Amino acid sequence: MDVALRQLVIDAWSWLNYKPVMAEAGRPGSRAFPELAKTWVPPHEMRRLAAYKVLASYDNNQAGELASYGGDGSALERRELGDAANLVDTALGYLLGSEQKVAVEGAEHADEETPTPGAAEAAAVQKQLRAWADKELLTFRVQQVERAAVLLGDSVMVLAWNPVKQRPTLRVYDPGFFFPQWDDDADDDFPTRVHLAWELPADDDAGLKARVRRVTYELGPISEGDEEGPEGARTYPWEPGRASNTTCYLTDAEWLLEDLKNGETLDRLPMSKASFRVSSDGTELNRLDLLIDFVPVVHIANTIPDGGEHWGRSVLARVLQALDELAATDSDGSAASATTGTPIIGLAGARLPVDRATGRPQELEVKAGAVWQLGETGRMDALDTSPQLAELRARVDHLLERIAANSRVTAAGLGTLDATEVPSGYALKLALGPLDALIGMMRLAREHKYRLLFKMVQRLYQAGRAEGWTAGETLPARLAWAPHTPTDRGAVLEEVVKAYGAGVLSLETAVTMLLEAGYPIKDASQEVERIRAKAQQEAEVRMAEAAARRGRDEDEEDQEDDAGPGPAEERKPVGSGR
């Protein structure tokens, strides 16, 4: 007799192994994940896609519904009150801060009296990138991509050159559509081939059958028909003087699901049955040369991946079981509150009213104003469940504290900490220490990816020969985050005034410190210009006033000289000085 042995799986999603539905991921007939049984889904991606769906169910208060498909019949009665979504939104708010800005290294020195070399170019690129960010709604896109990353652990951004708008466009994709192809023998940090794939449902009204769409970006050698130099090499504007034989090809095609057979997974779809899409100018998107030497796809991981891994971890990962316990305790508390508000009553020796139609005793209702007749030996006992309700409420508070601590968002970060329990600002800072470390780690995991995004934006502008973008090396740019916790603005202002007055800080650094402290400064360089312009204006006014005073003094002296000797001098004898 064959006995199925249970296997211990340790991977990036091991924290979900306690879920029975995870064992059914990808099995034919799975009610929890029917979409994973499709023939085109790669087997090694099953657990990742299943993990995304489990996390999404917590965000939408459907974890109990999903658990019911794994055999937990009582899960449908579980009360879910948005605690998971609140934890995600809170962590997202601290990650993003009050605002985000594009910053190019060296641009802050452009307005100095003696700017550093390249500062003017950096300021010009920063202005252009910020204009692009405004047009592409970068703040909105960052909200989209980061919420998915905080909730699911991963998110994806894709750039594309739009010849009509004459700028790169930015789109956010569900990480469940993202399938990078890693070469086991390569040491590259980024995949050379990336698939974005999803299923399109059938549309009977339009006569369309169910199909799968796959968008592929792939690096490869320049084909012979596109030779621009010796041996098919071309020179890209961001690397002048260096020939490259690598380019990126785009393929956008669809396959009917009924045409796919077992074994024809995402990276093995038969090209003979593909239906290629066409761009707005009529070009077939079949290995279209994008004239760039990079894949314009940026994968955002919520945490720093472990060695050998590429995927991030959700902010809910460590506390998922605690959230289950919280939902179960809330459900028990709801049941206990029902028996506390409307208690269970036992009657002895009571005369029950009789239904005249049936002749059977009627059920008594516990309500205000009800009167029951009891005999001489009658007795009424009420079941008091208030102590159990108090215990359940205390357990809810305990679980919330445990979730706040283990997620590192902290009770102070979640807003559940009683302000009277904080003796001082220093104590509050210590309480927020784990949150500071969490946000620091999350921002560090994204630092390089946003630098990569802005590098791609600059190079797409150069490749599209946009006005104002010349050939040359790409300047390093980053996404600057605002402080995630409130700062003592008064203390920062006092520090800046003393340091700048003592000459140990430049005006640019002083304004940057005020900006980071939360003062309403839109642009540090413009604020520096306004301060210097006002100082120069005040200096000119003081010089004019000083010149006017000197002029008045000289006029008075001239008038005194022209008036001659005074009366006392006229009466003085000539020889009186002898």
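About the cut-offs
- Numbers given for residues are sequential positions, taken from 1 along each chain in its written order.
- Local features in this predicted model are restricted to residues of pLDDT 70 or higher, and side-chain atom pairs are both shown and tallied only at a pLDDT of 80 or more, whereas totals for entire chains, interfaces and linings draw on every residue.
- With hydrogens and water stripped out, all remaining heavy atoms of the structure feed into the side-chain values.
- Strands here mean DSSP runs of E at least two residues long; helices mean DSSP runs of H or I at least four residues long; both are numbered from the N terminus.
- Throughout this description, buried means an accessible area under 20% of the type-specific maximum (1.4 Å probe, protein chains only), exposed means over 50%, and partly exposed covers the range between.
- Values of accessible area rely on a 1.4 Å probe in the Shrake-Rupley scheme; residue burial ignores everything except the protein chains shown.
- Put simply, buried Ala, Val, Leu, Ile, Met, Phe, Trp, Tyr and Cys residues joined by side-chain atoms within 4.5 Å make one nonpolar core.
- Whether two residues touch is decided by their heavy atoms; if any such pair falls within 4.5 Å, the residues are in contact.
- Here a polar contact is taken to be a pair of N or O atoms separated by no more than 3.5 Å, where protein atoms must pair a possible hydrogen donor with a possible acceptor and residues adjacent in sequence count only if both atoms sit in side chains.
- Take the number of residues in a helix, subtract one, and multiply by 1.5 Å to get its expected span.
- Note on bend: the value at a residue is the angle between axes fitted to the seven residues ending there and to the seven starting there.
- Here, a salt bridge means any Lys or Arg side-chain nitrogen found within 4 Å of an Asp or Glu carboxyl oxygen.
- Computed over the protein atoms alone on a 1 Å grid, cavities are sets of points where a 1.4 Å probe fits but cannot get out and pockets are open sets with protein on both sides within 12 Å along at least five of seven lines; a residue lines them when it has an atom within 4 Å of a point.
- Grid points are joined across faces, edges and corners, and a volume is the space filled by probe spheres set on the points.
- Residue type decides the class: Asp, Glu, Lys and Arg count as charged, Ala, Val, Leu, Ile, Met, Phe, Trp, Tyr, Cys and Pro as nonpolar, and the leftover types, Gly among them, as polar.
- For every residue, the predictor states its confidence as a pLDDT score lying anywhere from 0 to 100.
- Like charges are joined within 9 Å and nonpolar side chains (Val, Leu, Ile, Met, Phe, Trp, Tyr) within 5 Å, but only among residues with over 30% relative accessible area and no salt bridge; these make up the patches.
- Only four residue types enter the tally: Lys and Arg on the positive side, Asp and Glu on the negative side, with His and both chain ends excluded.
- By convention, charge coordinates are those of NZ in Lys, CZ in Arg, CG in Asp, or CD in Glu.
- If DSSP finds at least two bridges between two strands, the strands pair.
- What counts as an axis is a line fitted to C-alpha atoms, over the stretch in contact for a helix, and the angles between N-to-C directions run from 0 to 180 degrees.
- Aromatic contacts are taken between Phe, Tyr and Trp rings whose centres are within 6.5 Å, Trp giving its six-membered ring; a plane angle under 30 degrees counts as stacked, one over 60 as edge-to-face, and the others as tilted.
- Under this scheme an angle from 65 to 115 degrees is roughly perpendicular, one under 35 degrees roughly parallel, and one over 145 degrees roughly antiparallel; angles in between are oblique.
- Handedness of each helix crossing follows the sense of rotation of the near helix against the far helix: counterclockwise by less than a right angle gives left-handed, clockwise gives right-handed.

1. Thoughts on the overall build of the protein
What the protein contains, in helices and strands, is 15 helices and 15 strands. Looking at the 578 residues of the protein, the share that counts as buried comes to 37%. With an accessible surface of roughly 34000 Å², the protein has 50% of that area assigned to carbon and sulfur atoms.

2. A few points about the environment of Glu401
Tracing the backbone shows Glu401 in helix H8 (residues 386-407). The class of Glu401 is exposed, set by a relative accessible area of 53%. Along the chain, Glu401 and Leu417 lie 16 residues apart, while their C-alpha atoms are 9.2 Å from each other.

3. Here we look at the nonpolar core
Among the nonpolar cores identified, the biggest contains 111 residues, and Trp40, Trp132, Leu138, Tyr217, Leu316, Tyr450 and Phe454 are the most heavily contacted of them. Here this core gets 13 residues from one element, more than from any other, and that element is helix H11 (residues 433-463). With near-sequence residues (within four places) excluded, Trp132 lies in contact with Leu138, Leu159, Arg167, Pro168, Leu170, Phe454, Val457 and Tyr461. The next biggest cluster of nonpolar side chains, apart from the first, holds ten residues, and it includes Val492, Leu507, Leu514 and Val528.

4. Thoughts on the side chain of Thr265
One can find Thr265 in the loop between strand E9 (246-256) and strand E10 (275-276). A distance of 3.0 Å separates polar atoms of two side chains, one belonging to Thr265 and the other to Asp267. With residues near it in sequence (within four places) discarded, Thr265 still touches Thr39, Trp40, Val41, Pro42 and Pro43.

5. Some details on H11
Its 31 residues give H11 an end-to-end C-alpha distance of 45 Å, which sits within 8% of 45 Å, the value for a rise of 1.5 Å per residue. Taken as a whole, H11 carries its principal kink of about 35° at Glu447.

6. Regarding the pattern of salt bridges
Taken as a whole and judged by the stated rule, the model has 21 salt bridges. Close ionic contact of Glu254 with Arg211 constitutes a salt bridge, the shortest N to O distance being 3.1 Å. Linking Glu254 in strand E9 with Arg211 in strand E6 (residues 211-221), this pair joins segments that are 43 residues apart in sequence. Of the residues examined, Arg211 reaches a relative accessible area of 14% and is grouped as buried. Between Arg234 and Asp289 there is a salt bridge whose closest N-O contact spans 2.9 Å. Here the residue Arg234 occupies a position in strand E7 (residues 234-235), and Asp289 occupies one in strand E11 (residues 288-289), the gap between them amounting to 55 residues.

7. Considerations on empty space enclosed by the protein
Rolled over the atoms, a probe as big as a water molecule pinpoints where empty space is left. Evaluation of the coordinates by the stated rule reveals one cavity of 30 Å³ or more. The calculated volume of the largest cavity comes to roughly 130 Å³. Around the largest cavity, the lining is made up of 16 residues, and of these Glu80, Asp83, Ala84, Leu323 and Ala327 lie nearest the centre. Contributing elements (two or more residues each) for the lining of the largest cavity: helix H3 (63-68), helix H4 (83-96) and helix H7 (320-341). For the lining of the largest cavity, the leading source of residues is H7, giving five residues. The residue inventory of the lining of the largest cavity, partitioned by class, reads seven nonpolar, three polar and six charged.

8. Here's the deal with the confidence of the model for the protein
Mean pLDDT over the protein stands at 84; residues scoring 70 or higher make up 89%. The element-level mean pLDDT for the protein is lowest in helix H15 (residues 567-571), coming to 50, with strand E3 (residues 167-173) highest at 97. Scored below 50 in pLDDT, residues 574-578 makes zero contacts in the model with residues more than four places away or belonging to other chains.

9. Quick notes on a negative patch on the surface
A cluster of acidic residues, Asp553, Glu554, Asp555, Glu556 and Glu557, forms a negative patch at the surface. Residue placement: Glu556 occurs in helix H14 (residues 524-562).

10. Some words on the sheet that holds strand E2 (residues 154-162)
What the three strands build is an open sheet, ordered E3-E2-E12; its pairing is antiparallel. If you trace the sheet from one side to the other, it starts and ends with E3 and strand E12 (297-301), each paired once. Averaged over all adjacent pairs, the angle separating strand axes in this sheet is 25°, with direction ignored. Taken together, the five bridges between E2 and E12 define a ladder with antiparallel strand orientation. Looking at the pairing, Asp154 lines up with Ala301 of E12. Against the sheet, H11 touches E2, E3 and E12, its axis set at about 165° to E12.

11. Thoughts on the packing of aromatic side chains
Here the distance between the centres and the angle between the planes together describe a pair of aromatic rings. Within the structure shown, the criterion is met by nine aromatic pairs. A ring pair is formed by Tyr173 and Trp198, whose centres lie 6.1 Å apart and whose planes are at 40°; its orientation type is tilted. Of this pair, Tyr173 sits in strand E3 while Trp198 is found in strand E5 (residues 193-200), placing the two residues 25 residues apart along the sequence. For Trp198, a relative accessible area of 14% gives the class buried. Among the aromatic residues, ring-to-ring pairing joins Trp161, Tyr461 and Trp469 into one connected group.

12. Some remarks on the packing of helix H2 (residues 46-59) against helix H6 (residues 138-152)
H6 packs onto H2 with a crossing angle of 105° between their chain directions and a minimal axis gap of 9 Å. The angle between H2 and H6 places the two elements in the roughly perpendicular class. Residues Tyr52, Leu55, Ala56 and Asp59 of H2 pack against Arg147, Leu151 and Leu152 of H6. Here the contact of H2 with H6 is built from residues that sort into five nonpolar, no polar and two charged.

13. As for the packing of H6 against H11
It is the contact of H6 with H11, at a shortest axis distance of 13 Å, that shows an interaxial angle of 135°. On the basis of their axis angle, the class for H6 and H11 is oblique. The crossing of H6 and H11 is right-handed. The segment H6 lies against H11, with Leu138, Val142, Val145, Glu146, Ala149 and Val150 engaging Met442, Arg446, Tyr450 and Phe454. Split into classes, the residues belonging to the contact of H6 with H11 amount to eight nonpolar, no polar and two charged.

14. Overview of unusual backbone geometry
Of note, Arg287 is a non-glycine position whose phi angle comes to about 55°, a positive value. In this structure, Arg287 sits in the loop between E10 and E11. For Arg287, a relative accessible area of 43% corresponds to the partly exposed category. With a phi close to 70°, Thr410 is a non-glycine residue in the positive phi region. Topologically, Thr410 is positioned in the loop between H8 and helix H9 (411-414).

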